[in-house]
Amino acid sequence: MIVRFVIALMFAASAPAFAADAPPTTSNRFAATLVPAERFDIGAMQVERHGKGKRALILIPGLASGSWAWQGTARRFMGEYSVYIVTLPGFDGRAPAPGKQMEAAQRALAQLIDTRKLVKPVLVGHSLGGVLAFSLAAQRPQDIGGVISIDGLPVFPGAEDLTPRQREQMAQQLARRMVPGDQRAFAAQQQDYMRGIGVMDMARADELAKLSARSDPGAVLQYMAETFAMDLRPALSKISAPVLLIAPYFDADASAHELTEETKKAYYASLIEAAPTAQVVTVAPARHFAMIDQPEQVNEAIARFLKNL
């Protein structure tokens, strides 16, 4: 039941759309407004630093997202921590990196830790950002102090029982369905995505879609295909840092598929059970961008986790 639900959501959100005009350039209440203490580039990745606390939090946005996705979280924690918000290559107006996008993003994150000499930073990732957090923590367990993932999983939900070959084939099928005809089609596609699974409020979804539409369509497609083909579960046992997985739950989406809050929580827990120290908490009512639907709940879950490190 869960598998059918998530696969249906994925393809409903990714079906080509050819409506609407390109989003106008107007004031947007979700655009990034925090002025960073500094802004710099590491390769094709942009980094903004807020605050100057001893411990660092690295906030990694998800697919087609920029620093605008983390404004509320940065405000909550910049007084106590050094908060680094990254914008991955290809997203929010950034040029894509050459080669494989996920590998380039992971190299840039590792370089951020090394060049800034960050001691045991906590990786906080949303969606695809959570996947990167799991991957980096497994590759460099001695360097990571904690992993927090908001609706980002070590394997694409619904693909956990597929063979690597089957996942690759489905990734290619997804890529064929996702090809946008032009930037206008991509903008409409992003609106469908935000309205379909992004956030609960449709006016809010439309504003967020205008921001995500600033990303490079080809890079978004490549990130999606690469992520769908991945399965990080065998590597989770290498993670030595505590792990928190935040699972959003919205009854209006899930009830028709007989998916309860508890069954979703149990399903997510099963996907990260190989991590030595891991917990799952649910946030409701919330869709995929839980930190925008329920910022107080998400920030409190993060604060509790950080307090216990």
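Basis of the calculations
- Residues numbered from 1 in each chain as written.
- Predicted model: local features only at pLDDT ≥ 70, side-chain atom pairs only at ≥ 80, totals over all residues.
- Heavy atoms only, no water.
- Buried < 20%, exposed > 50% of the residue type's maximum accessible area, 1.4 Å probe, protein only.
- Helix = DSSP H or I, 4+ residues; strand = E, 2+ residues; numbered from the N terminus.
- Pairing = 2+ DSSP bridges.
- Right-handed = clockwise from strand over helix to strand, strands pointing away.
- Core = buried A, V, L, I, M, F, W, Y, C linked by side-chain atoms within 4.5 Å.
- Contact = heavy atoms within 4.5 Å.
- Axes fitted to C-alpha atoms, helices over the stretch in contact; angles between N-to-C directions.
- Parallel < 35°, antiparallel > 145°, perpendicular 65-115°, else oblique.
- Left-handed = near helix turned anticlockwise from the far one by under 90°.
- Nonpolar A, V, L, I, M, F, W, Y, C, P; charged D, E, K, R; others polar.
- Salt bridge = Lys/Arg side-chain N within 4 Å of Asp/Glu carboxyl O.
- Polar contact = N/O pair within 3.5 Å; in protein donor to acceptor, adjacent residues only side chain to side chain.

1. Quick look at the pairing of strand 5 (residues 122–126)
Here comes step 1: Buried residues dominate strand 5, accounting for five of its five residues.
Here comes step 2: Along strand 5, one buried face is formed by Val122, Val124 and His126 and the opposite face, lined by Leu123 and Gly125, is buried too.
Here comes step 3: Pairing of strand 3 (residues 56–60) with strand 5 involves four bridges; the strand directions are parallel. Across the sheet, isoleucine 60 pairs through a bridge with glycine 125, a residue of strand 5.
Here comes step 4: Of the strand pairs in this sheet, strand 5 and strand 6 (residues 146–150) are connected by five bridges, and their pairing is parallel. Across the sheet, the residue bridging to glycine 125 is serine 149, located in strand 6.
Here comes step 5: In this fold, the crossover linking strand 5 to strand 6 by way of helix 4 (residues 128–139) has right-handed handedness.

2. Comments concerning the nonpolar core
Buried together is how nonpolar side chains tend to be arranged in soluble globular proteins.
Here comes step 1: Counting 53 residues, the largest nonpolar core has Met45, Ile58, Val86, Leu88 and Leu112 as the members making the most contacts within it.
Here comes step 2: Contact partners of isoleucine 58, with chain neighbours within four places excluded, come to Tyr84, Val86, Leu109, Leu112, Ile113, Leu118, Pro121, Val122, Leu123 and Val124.
Here comes step 3: Counting residues in each nonpolar core, the second largest holds 39 residues, with Leu59, Trp68, Ala69 and Ala290 among its members.

3. A short note on the packing of helix 3 (residues 101–115) against helix 4
Here comes step 1: At a closest axis distance of 10 Å, the pairing of helix 3 and helix 4 adopts a crossing angle of 60°. On the basis of the axis angle, helix 3 is oblique to helix 4. Seen along the crossing, helix 3 lies across helix 4 with a hand that is right-handed. For the pair helix 3 and helix 4, contact is made by Met102, Ala105, Gln106, Leu109, Ala110 and Ile113 and by Leu128, Val131, Leu132, Ser135, Leu136 and Gln139, respectively.
Here comes step 2: When grouped by side-chain class, the residues that make up the contact of helix 3 with helix 4 number nine nonpolar, three polar and no charged.

4. Comments concerning the pattern of salt bridges
Here comes step 1: Per the stated rule, a full pass over the model turns up 14 salt bridges.
Here comes step 2: For the salt bridge of glutamate 38 with arginine 49, the shortest nitrogen-to-oxygen distance reads 2.7 Å. Separated by 11 residues along the polypeptide, glutamate 38 in strand 1 (residues 38–42) and arginine 49 in strand 2 (residues 45–50) bring together distant segments of the chain.
Here comes step 3: Classification of arginine 49 by relative accessible area gives buried; the value is 17%.

5. Remarks on the sheet that holds strand 5
Here comes step 1: Taken in spatial order, the eight strands make up an open sheet running 1-2-4-3-5-6-7-8, and their pairing is mixed. Only two strands of the sheet have a single partner each, and these edge strands are strand 1 and strand 8 (278–283). Going from strand to strand, the sheet's axes swing by 20° on average, the running direction of each strand aside.
Here comes step 2: Relative to strand 2, strand 1 is paired through five bridges, and the arrangement is antiparallel. Bridge pairing links aspartate 41 to glutamine 46 in strand 2.
Here comes step 3: Strands strand 3, strand 5, strand 6, strand 7 (243–248) and strand 8 of the sheet are contacted by helix 12 (residues 295–307), whose axis makes an angle of about 165° with strand 7.

6. As for the side chain of arginine 167
Here comes step 1: Tracing the chain through its elements places arginine 167 in helix 5 (residues 164–178).
Here comes step 2: With relative accessibility at 5%, the residue arginine 167 sits in the buried group.
Here comes step 3: Within polar-contact distance, the side chain of arginine 167 engages the backbone oxygen of alanine 159 at 3.4 Å.
Here comes step 4: Excluding residues within four positions of it along the chain, arginine 167 makes contact with Val155, Ala159, Leu162, Phe228, Ala229, Met230 and Asp231.

7. So, unusual backbone geometry
Here comes step 1: In this chain, alanine 284 is followed by proline 285 through a cis amide linkage whose omega measures -10°.
Here comes step 2: For proline 285, the position within the fold is in the loop between strand 8 and helix 11 (290–293).
Here comes step 3: Even without glycine at this site, aspartate 92 takes up a positive phi of about 50°.
Here comes step 4: If you trace the backbone, aspartate 92 turns up in the loop between strand 4 (82–87) and helix 3.
Here comes step 5: Backbone geometry at lysine 117 places phi at a positive 50°, although glycine is not the residue there.
Here comes step 6: Looking at the element boundaries, lysine 117 is found in the loop between helix 3 and strand 5.

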